[in-house]
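Descriptive structure summary
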Amino acid sequence: MPKYAKSQGEKVVRSSDISILCGIKPDVIRRDFSHFGDFGVRGRGYDIDKLIVQIRKNLGINRKKNVILIGVGSLGTALLKYQGFRTANFNFIAAFDINPKKIGKKIGETIIYNIKEVNSFIEKNKIKIALLTVPTSETIKIINNLDSKYIKGILNFTSTILPARKNNIYIRNIDLARELEVISFCMNRCNI
Ligand code: NAD
């Protein structure tokens, strides 16, 4: 949100502005930001540049993070092409697939490797985050095979809902159908 305000040429953003953008009450925003530090000016708002630096620090994205993607099909390819990850400081250092026709090819800057090489790559490059875009039937096999000594975060796009924490790995299950359900719920609630 502060980035959006910055792109609009603003120097300062108020909790009431952020509230309109993200649907969270201003007092909740002020309370949460107060944990970050003291860069709000009463009645004026927050210094956007300072806010961005602090939020990036808190999210652990103030430095570039290398991530890998497993399963380079329709969704995996679209994600590899998305420039927004780079802007957010995430770099797709490698992708992995089982299909011999895809191995060795490149999507943008990212080379596709054989899935058999995934753990040696993770170990060599100390990779901590993986995105999973394989067919749902492959999810558990892949998760069980991943080196949990290094991998600490998984963004799971498959339909298999995984526990939020497994073998000391944080997992986020992403499902756009569920997001549409939320939209539908909100519309129903407001009689839209
Ligand atoms: P796809 O069939 O186009 O791609 C799957 C890719 O995974 C293929 O390239 C295949 O070769 C590869 N693969 C298969 N087994 C593998 C293995 N063991 N190791 C490595 N690679 C392997 O499928 P898609 O349409 O890109 O969908 C991918 C996944 O994303 C599916 O599970 C689908 O249900 C899910 N999906 C989720 C959302 C969402 O909102 N979360 C949206 C669309 C699709």
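The structure displayed is predicted, hence computed values, not measured ones. The residue numbering used here restarts from 1 in each chain and proceeds along that chain's sequence as written. Per-residue local features of the predicted model are confined to residues with pLDDT of at least 70, and side-chain atom pairs are confined, for both listing and counting, to 80 or more; whole-chain, interface and lining totals are unaffected and use all residues. The side-chain quantities take in all heavy atoms of the structure and omit both hydrogens and water.

For the rest of this paragraph, the subject is the sheet that holds strand β4 (residues 65–70). Hydrogen bonds along the backbone pair up the strands of a sheet, which may run parallel or antiparallel. Strands were regarded as paired on the criterion that DSSP finds at least two bridges between them. In this description a helix means any DSSP run of H or I spanning at least four residues, a strand means any run of E spanning at least two, and both kinds are numbered starting from the N terminus. The eight strands are arranged β6-β7-β5-β4-β8-β9-β11-β10 in an open sheet whose pairing can be described as mixed. With partners counted over all chains shown, the strands left at the sheet margins are β6 (106–107) and β10 (165–166), one partner each. Of the pairings in the sheet, the one linking β4 to strand β8 (residues 129–132) comprises four bridges and is parallel in character. The residue of β8 that forms the bridge with isoleucine 70 is leucine 132. Here a residue-residue contact requires only that any non-hydrogen atoms of the pair lie within 4.5 Å. The angle between two axes is taken between their N-to-C directions and runs from 0 to 180 degrees, where each axis is a line fitted to C-alpha atoms and a helix contributes only its stretch in contact. Sitting on the sheet, helix α7 (residues 118–125) touches β4, β5 (90–97) and β7 (110–114), and the angle it makes with β5 is about 155 degrees.

Regular strands show a simple pattern: their side chains alternate between the two faces of the sheet. Using a 1.4 Å probe on the protein chains alone, a residue whose accessible area is under 20% of its type maximum counts as buried, one over 50% counts as exposed, and one in between counts as partly exposed. For β5, the tally of buried residues reaches six of eight residues, placing the bulk of the element in the interior. Where β5 and β7 come together, three bridges link them in parallel fashion. Each residue of the ladder has a partner; that of alanine 95, found in β7, is isoleucine 112.

Attention now moves to the domain arrangement of the chain. Looking at the chain, the domain boundaries give domain 1 (2–59) and domain 2 (65–177). Using C-alpha coordinates to define each centre, domain 1 is positioned 32 Å away from domain 2. Marked domain ranges trace back to an automatic or database domain assignment.

To continue, consider the pairing of β4. Where β4 lies against β5, six bridges are found, and the strand directions are parallel. The residue bridging valine 67 from the neighbouring strand is phenylalanine 92, located in β5.

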